[in-house]
Protein chains: 2
Amino acid sequence: MNEEILSKKGLKITRARKSIISILEELDQPISAENLYKIFKEKEKGNLSTIYRNLKTLTDKDVVEIACEVDGISYYRLKQKKHKHSIICKKCGKIIPIENCPMGQIQSKLEDTTGFKIESHILEFRGICPECQKKEEK
Amino acid sequence: MNEEILSKKGLKITRARKSIISILEELDQPISAENLYKIFKEKEKGNLSTIYRNLKTLTDKDVVEIACEVDGISYYRLKQKKHKHSIICKKCGKIIPIENCPMGQIQSKLEDTTGFKIESHILEFRGICPECQKKEEK
DNA sequence: GTTATTGCAAACAATTTGCACCCAC
DNA sequence: GTGGGTGCAAATTGTTTGCAATAAC
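Residues numbered from 1 in each chain as written. Chains lettered and ligands numbered in written order. Predicted model: local features only at pLDDT ≥ 70, side-chain atom pairs only at ≥ 80, totals over all residues. Heavy atoms only, no water.

A short note on the overall build of chain A
Secondary structure assignment for chain A yields six helices and six strands. Order of helices (α) and strands (β) in chain A, N terminus to C terminus: α-α-β-α-α-β-β-β-β-α-β-α. Looking at chain A as a whole, 41% of its 138 residues are labelled buried. At a minimum sequence separation of 6, the contacts of chain A that also span at least 24 residues come to 44%. With an accessible surface of roughly 8000 Å², chain A has 49% of that area assigned to carbon and sulfur atoms. (Helix = DSSP H or I, 4+ residues; strand = E, 2+ residues; numbered from the N terminus. Buried < 20%, exposed > 50% of the residue type's maximum accessible area, 1.4 Å probe, protein only. Contact = heavy atoms within 4.5 Å. Areas by Shrake-Rupley, 256 points an atom, 1.4 Å probe, with all protein chains shown as cover.)

What about the pattern of salt bridges?
All names here are of chain A. Tallying each qualifying case throughout the model produces ten salt bridges over all chains. In this structure, the salt-bridge partner of Asp60 is Lys56, at a minimum N-O distance of 3.4 Å. One end of the pair, Asp60, and the other, Lys56, are both in helix H4 (residues 48–60), four residues apart, so they sit about a helical turn from each other. Lys56 matches Asp60 in its accessibility class, with the two residues each being exposed. Salt-bridge contacts for Asp62 lead to Lys79; the nearest nitrogen and oxygen are separated by 3.1 Å. Linking Asp62 in the loop between H4 and strand E2 (64–70) with Lys79 in the loop between strand E3 (73–78) and strand E4 (85–89), this pair joins segments that are 17 residues apart in sequence. (Salt bridge = Lys/Arg side-chain N within 4 Å of Asp/Glu carboxyl O.)

A short note on the interface of chain B and chain A
At the junction of the two partners, chain B supplies 33 residues and chain A supplies 33 residues. Note on chain B versus chain A: buried area summed over both sides is about 2900 Å², and carbon and sulfur give 66% of it. There are four residue pairs in polar contact (both at pLDDT 80 or more) connecting chain B and chain A. In the side of chain B that touches chain A, the residues fall into 18 nonpolar, eight polar and seven charged. (Buried area = accessible area lost by both parts, 1.4 Å probe. Polar contact = N/O pair within 3.5 Å; in protein donor to acceptor, adjacent residues only side chain to side chain. Nonpolar A, V, L, I, M, F, W, Y, C, P; charged D, E, K, R; others polar.)

Some details on the relation of the copies chain B and chain A
Of the transformation placing chain B onto chain A, the axial shift is 0.0 Å and the rotation is 180°, giving an RMSD of 0.3 Å. Taken together, these values place the two copies in the relation of a two-fold axis. For chain B, the smallest separation between a C-alpha atom and the rotation axis is recorded for Leu123 of chain B, amounting to 2.2 Å. In this assembly, 100% of the residues forming the interface of chain B have copies in chain A that are likewise at the interface, indicating an isologous arrangement. (Least-squares fit on C-alpha atoms with pLDDT ≥ 70 in both.)

Observations concerning the packing of helix H2 (residues 15–27) of chain B against helix H4 (residues 48–60) of chain B
Residues and elements named next belong to chain B. Where H2 contacts H4, the axes come no closer than 10 Å and their chain directions differ by 70°. The angle between H2 and H4 falls in the class roughly perpendicular. Here H2 contributes Ala16, Arg17, Ile20 and Ile21 to the contact with H4, which in turn contributes Thr50, Ile51, Asn54, Leu55, Thr57 and Leu58. Tallied by class, the residues present in the contact of H2 with H4 amount to six nonpolar, three polar and one charged. (Axes fitted to C-alpha atoms, helices over the stretch in contact; angles between N-to-C directions. Parallel < 35°, antiparallel > 145°, perpendicular 65-115°, else oblique.)

Here is the structure:
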C-alpha cells in the first residue's frame, strides 16, 4: 500500500500524497505536474501547488523521480527498482515505456574511462509511433 | 566557415549569429542560453533575447540542437554529424562530453520491437566528477 | 498541542513576444 | 528599398514560496 511507502519515508499520510502516488502507480508512465493535477482534481480537491510541493518532497525522498524534461516541462514517475526509459512520439506526444534498461555495461565502462561516479542516467527516444506513421502515409 | 552554414540555410549573416556559432564551435560542449550570452557579451554587444531568438532559429534549421534540459534550463550545442552525449557533475555542474555514441544497435533493436520510427534520442549521465569526489573525501 | 501540510496569492526564473528601429541583401 | 534581425520592455509559463489556516500524529 502506498501508505507504507509514506510512513517508511517519515512523511505524513495525507489525502493528496496517497492520491498522487496511486495515480502514478496506475499510470506507469511519466506525467507532467499539470496533467497529474487534472487527474487528481477528478477525485480530490486540492491545489496545484500542493502537487508541485509533494512531487518535490517525494522526489527528495526517492519515491518519485523526474523521468525527463521536454520543452521546459518536467515529467515525473514512480522511482522503481528497475527503472525504465521511454519513447516519446513527436506527433501525438504519446509516451510509451521501454522494458529493460540497456545501459548497464555502457555505464560501468564509462566510469572507468571518465573517472566519474555515475549516479543516474537519462535516456529518452523520440520518434514517430506506428499510428502516426500510418496517418502520415495518407 | 560559419557564414556558409548560415547562407546555406537561407539565414542572413549577422554579427550575432556568426558569434553564436563560433562560440558553440569553440566550446564543443552543451551550454545554456544565459552562459552563452555571458561569453557573447565579452566580444559583442547584444541582447539576451537575440541569443534566445537565434538559438531557436538555428535549432529550427538544424544547425543547433538542445542537448538536454536540466532543472528547467536548456543546454544547446551545434548539431553535428556524429552527435555526442554528456556526463553532468551533480556537485559542480561541469559538463563533459562522451566520445562515440553507444546507442546504434540498441536503437535499431528498439525500432523492431516497438514499431516506432526513432528520429533521435537523448542520453545524459549524472554523477560526480573526479575532482568533486576528492573534495567529498575530506 | 506541536509540527508538518495545505490553500491562496504573490514571486520567480527561463523563455517568448510585440513593436519600433536598423541592417543585410 | 524591403524584409528579416535586433533592442527593449512587457508578457507568458512552469514552478516556487510566504504566510495564515488546517490536518496529521
